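Commentary on secondary and tertiary structure
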Amino acid sequence: GWKELDAKLREREGRAADKKSNRLFYFAIPPNVFAETGDAIKKACMAPDGFSRIIVEKPFGRDLESCKDILHRLGQHFDE
């Protein structure tokens, strides 16, 4: 799960010479799970002392309405 991923990332980051950690999460997943995945990352996997970013692969929803919904839901957890 997400907590296990966070633990593995922290272990690897702890071995780095530069103790500041930045994390990029690439979403090559269906648009209908973008928001819940972003929420899970926000709750369990954010970088402790660096930045966390998500990269979202297109398509970004089925239409303009679903795109706006995804943007709103992700915007609750991440800045643009």
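Just so it is clear, the model here is predicted, and its values are computed rather than measured. (Residues numbered from 1 in each chain as written. Predicted model: local features only at pLDDT ≥ 70, side-chain atom pairs only at ≥ 80, totals over all residues. Heavy atoms only, no water.)

1. Considering the overall build of the chain
The helix and strand inventory of the chain stands at 3 helices and 2 strands. Mapped in sequence order, the helices and strands of the chain form the string α-β-α-β-α. Dimensions of the chain along its principal axes, counting C-alpha atoms only, are 45 × 25 × 20 Å. Burial analysis of the chain (80 residues in total) assigns 29% to the buried set. Contacts in the chain between residues far apart in sequence, at least 24 positions, make up 69% of those at least 6 positions apart. Looking at the chain as shown, the accessible area adds up to about 5,900 Å², and 52% of this sits on carbon and sulfur atoms. Charge separation in the chain, taken as the distance between the mean sites of 15 positive and 14 negative side-chain charges, equals 4 Å. (Helix = DSSP H or I, 4+ residues; strand = E, 2+ residues; numbered from the N terminus. Buried < 20%, exposed > 50% of the residue type's maximum accessible area, 1.4 Å probe, protein only. Contact = heavy atoms within 4.5 Å. Areas by Shrake-Rupley, 256 points an atom, 1.4 Å probe, with all protein chains shown as cover. Lys, Arg positive; Asp, Glu negative; His and termini not counted. Charge placed at Lys NZ, Arg CZ, Asp CG, Glu CD.)

2. Let's talk about the pattern of salt bridges
Pairing between side chains becomes possible if they bear opposite charge and their charged atoms approach one another. Here the structure, examined in full by the defined rule, presents 5 salt bridges. Measuring nitrogen to oxygen at the nearest pair gives 2.7 Å for the salt bridge that ties D6 to R23. Of this pair, D6 sits in helix 1 (residues 2–14) while R23 sits in strand 1 (residues 23–27), and the two are 17 residues apart along the sequence. The pair formed by D6 and R23 is uniform in burial state, with each residue classed as buried. Among the ionic pairs, R73 bridges to D69, the shortest N-O distance being 3.9 Å. Separated by 4 residues within a single helix, R73 and D69 lie in helix 3 (residues 64–75), roughly one turn from each other. (Salt bridge = Lys/Arg side-chain N within 4 Å of Asp/Glu carboxyl O.)

3. Considerations on the nonpolar core
Most often, soluble globular proteins have nonpolar side chains that are buried together. Core analysis: the largest hydrophobic core is formed by 8 residues, namely F25, F27, F34, I41, C45, I70, L74 and F78. Of all the secondary-structure elements, those providing two or more residues to this core are strand 1, helix 2 (34–44) and helix 3. In contact with F34, other than residues within four places in its own chain, are F27, I29, V56, E57, P59, F60, I70 and L74. (Core = buried A, V, L, I, M, F, W, Y, C linked by side-chain atoms within 4.5 Å.)

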